[in-house]
Amino acid sequence: MANVSVSEWRKLPVSLAELCIDTTLRCGQSFRWKRFRDNEWSCALHGRIITLKQDSMHLHYRTIRPRLASPLHSLESSRASSVAKYLEEDDTESLLRQYLNLAPNLSALYEQWSSKDPNFKKRARQFAGIRILKQDAWEALVGFICSSNNNISRISQMVHNLCLHYGALIGYIDDEPLHDFPTPEALTAPGTEAHLRELGFGYRAGYIAKTALIVAKERPEGWLQALRNPEIFDESKDQEAFPESGREGYRRAHDELLQLQGVGPKVADCVCLMGLGWSESVPVDTHVWQIAQRDYKFGKGKHKSLTKVTYDAVGDHFRTLWGREAGWAHSVLFTADLKTFSERLTNNIEVHIDEVKIKQEGESILESRVVTKREYSLCEVKGELEDVRDGIVLETTRSQRAKRRRT
DNA sequence: ACAACACCTAATAA
DNA sequence: ATTATTAGGTGTT
């Protein structure tokens, strides 16, 4: 307690349609956010612990960071700390705007994708606020190398172990230590591969150790960062035509990443999308391949199996359909297919209280409500997901007595 | 170009 | 209880 600085809660005006952290932080694009009590999400980022929570209108955040040991005496020290505090607050807000990628208007994008694609529209309501994060490219690279033949839960555990053993300790939440993601250099020591195998990384241990060596020793300084999309988001370019195979910078980044160990087309696309800011990147994993077959008529004729040619064709199709932010739309459909969120597809009940009447009768009041329940679900019918939203509309009228004190 | 197979591990299904 | 399958693929024949 004595050697950390805990900030006040601050807030940003962000609706759930623009960002839903409960979905975005669990949908398999980042592996380090951890939920603590009261639906607070925490992660060590840029030398501090950031905690997020949100309500319908605001994203709330605060930071915990090591207090800098100051050689200054008390007067200057207090002045320095107030300056430091000012900088920290300013810095964290812009860091969050960056990391959470808040510039694009997500509601507007959902509208565009929905108008172009009825299948997207079916999923959109239940999976609002899914935003592509701008993560650190190196962290994304290692995280997605871990993702091959793997599930989100174990990937998260592996990344946690990696941070625990090779990353800097930043601080604690509820006595639980939170570490930053290790640098490439931290993973280049001899014996790293064997150690990672002991830690349960399996065959990915070799991929990570070799990739760390390539990035740290064989590539020039700043090589990975240089593959990032340098453009700032420009809404007016939304509808602008662009190559169906993606922008040149994206193609180049993808090709460069393929040279690394344990990086195939899918992992390269994950890094391009989540770590390098190439929004047109569409990672085609087994889920997306199944979606492409089920809902977009792939799996026949020329594209019978997921070869490299088919892989590119699926990405091109979605880029043509959804446009420049195709990777964002892809992430919504991908998330809708995750087992973790399957309960959202069935038994959803929307409750609207359309009318409330309160009559006074003696010492008690009589309250009557007209409650409309809309039960809607995406039910599996003949192997297809069908929207039966309008199937059931329940109306109930309730009368209840409520005791009331005289005041 | 394409298909088949091995590769680590842990949870779940059969 | 033991075995097969599955989970956000990649590298090698």
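Residues numbered from 1 in each chain as written. Chains lettered and ligands numbered in written order. Predicted model: local features only at pLDDT ≥ 70, side-chain atom pairs only at ≥ 80, totals over all residues. Heavy atoms only, no water.

**Considerations on the overall build of chain A**
- Secondary structure summary: chain A contains 13 helices and 13 strands in total.
- Considering chain A as a whole, with its 407 residues, one finds that 46% of them fall into the buried category.
- Of the contacts formed within chain A by residues at least 6 apart in sequence, a portion of 68% connects residues at least 24 apart. (Helix = DSSP H or I, 4+ residues; strand = E, 2+ residues; numbered from the N terminus. Buried < 20%, exposed > 50% of the residue type's maximum accessible area, 1.4 Å probe, protein only. Contact = heavy atoms within 4.5 Å.)

**Considerations on the packing of helix α9 (residues 248-257) against helix α10 (residues 265-274)**
- Between α9 and α10, the least distance of the axes is 9 Å, while the angle of their chain directions is 130°. Considering their axes alone, α9 and α10 lie oblique with respect to each other. Between α9 and α10 the crossing geometry is right-handed. Seen from α9, the contacting residues are Tyr250, Ala253, His254 and Leu257; seen from α10, they are Pro265, Ala268, Asp269, Val271 and Cys272. (Axes fitted to C-alpha atoms, helices over the stretch in contact; angles between N-to-C directions. Parallel < 35°, antiparallel > 145°, perpendicular 65-115°, else oblique. Left-handed = near helix turned anticlockwise from the far one by under 90°.)

**Considering the nonpolar core**
- Counting 75 residues, the largest nonpolar core has Phe120, Trp138, Leu141, Phe201, Leu257, Leu276 and Trp322 as its most contacted members.
- For Phe201, the contacting residues outside a window of four places in its chain are Cys146, Met158, Asn161, Leu162, Leu196 and Ile208. (Core = buried A, V, L, I, M, F, W, Y, C linked by side-chain atoms within 4.5 Å.)

**Concerning the protein's contact with DNA strand B**
- Residues in contact with DNA strand B, as listed here, are Asn149, Arg154, Arg197, Gly200, Gly202, Tyr203, Arg204, Lys302, Ser305, Thr307 and Val309.
- Here a base oxygen of DNA strand B sits 2.6 Å away from a polar atom, N or O, in the side chain of Arg204.
- With respect to DNA strand B, the side chain of Lys302 contributes an N or O atom lying 3.1 Å from a phosphate oxygen.
- Counted by class, the surface near DNA strand B contains two nonpolar, five polar and four charged residues. (Near = heavy atom within 4 Å. Polar contact = N/O pair within 3.5 Å; in protein donor to acceptor, adjacent residues only side chain to side chain. Nonpolar A, V, L, I, M, F, W, Y, C, P; charged D, E, K, R; others polar.)

**A few points about the pairing of strand β6 (residues 58-66)**
- With three bridges joining them, strand β1 (residues 4-6) and β6 adopt antiparallel strand pairing. By the bridge assignment, Val4 is partnered in β6 with Pro66.
- Bridging between strand β2 (residues 10-13) and β6 involves four bridges; their strand directions are antiparallel. Residue pairing across strands places Lys11 opposite His60, the latter belonging to β6.
- In the sheet, strand β5 (residues 48-54) pairs with β6 via six bridges, with the strands oriented antiparallel. Across the sheet, residue Ile50 finds its bridge partner in β6, namely Thr63.
- Between the end of β5 and the start of β6, which pair antiparallel, lie three residues. (Pairing = 2+ DSSP bridges.)

**Considerations on the packing of aromatic side chains**
- On inspection of all chains with the given rule, the structure shows 10 aromatic pairs.
- Ring plane angle 50° and centroid distance 6.0 Å describe the contact between Trp33 and Tyr99, whose orientation is recorded as tilted. Pair noted here: Trp33 is in the loop between α1 (21-24) and β3 (34-36) and Tyr99 is in helix α2 (residues 74-99), with a separation of 66 residues, a long-range link.
- Relative accessible area serves as the criterion here: at 8%, Tyr99 is assigned to the buried category.
- Between the aromatic rings of Trp113 and Phe120, the centroid separation amounts to 5.4 Å while the plane-to-plane angle is 70°, which identifies the pairing as edge-to-face.
- Residue classification places Trp113 among the buried positions, given a relative accessible area of 1%.
- With relative accessibility at 0%, the residue Phe120 sits in the buried group.
- Here a set of aromatic residues connected by ring pairs shows up, and it is made of Tyr110, Trp113 and Phe120. (Phe/Tyr/Trp six-rings, centres within 6.5 Å; stacked < 30°, edge-to-face > 60°.)

**Things to note about helix α6 (residues 152-166)**
- Here α6 contains 15 residues, and its C-alpha end-to-end distance of 21 Å stays within 8% of the 21 Å for a straight helix at 1.5 Å per residue.
- Within α6 the residues assigned to the buried category are Ile155, Met158, Val159, Asn161, Leu162, Cys163 and Tyr166.
- At its buried positions, α6 is contacted by α5 (137-145), β8 (176-179), α7 (192-198) and α8 (204-218). (Expected span 1.5 Å × (residues − 1).)

**So, the UniProt feature "domain: HhH-GPD" (unreviewed entry) in chain A**
- Within the UniProt annotation, "domain: HhH-GPD" (unreviewed entry) is assigned to residues 146-338.
- Counting secondary structure, residues 146-338 comes out at 49% helix and 5% strand; the distance between its end C-alpha atoms is 18 Å. (UniProt positions renumbered as here; feature names shortened; annotations may be inferred.)

**Remarks on the side chain of Asp117**
- Residue position: Asp117 is located in the loop between α3 (106-116) and α4 (118-124).
- In this structure, Asp117 is buried with no salt-bridge partner, the nearest side chain bearing the opposite charge being Lys122 at 8.7 Å.
- Apart from residues no more than four positions distant in its own chain, Asp117 is found in contact with Tyr296, Leu321 and Trp322. (Lys, Arg positive; Asp, Glu negative; His and termini not counted. Salt bridge = Lys/Arg side-chain N within 4 Å of Asp/Glu carboxyl O.)

**Some points on the protein's contact with DNA strand C**
- Near DNA strand C you find 25 residues, and of these Gly28, Asn149, Asn150, Cys270 and Thr286 are the closest.
- Considering the 4 Å shell around the protein, atoms of DNA strand C inside it are sugar or phosphate in 55% of instances.
- Between DNA strand C and the protein, one listed contact pairs a base oxygen with a backbone N or O atom of Gln29 at 3.0 Å.
- The contact in question runs from a phosphate oxygen of DNA strand C to an N or O atom on the backbone of Gly264, over 2.8 Å.
- Secondary-structure elements contributing two or more residues to the surface near DNA strand C are α10 and α11 (286-296).
- The greatest single-element share of the surface near DNA strand C, amounting to four residues, is contributed by α10.
- For the surface near DNA strand C, the per-class residue count stands at 11 nonpolar, 12 polar and two charged.

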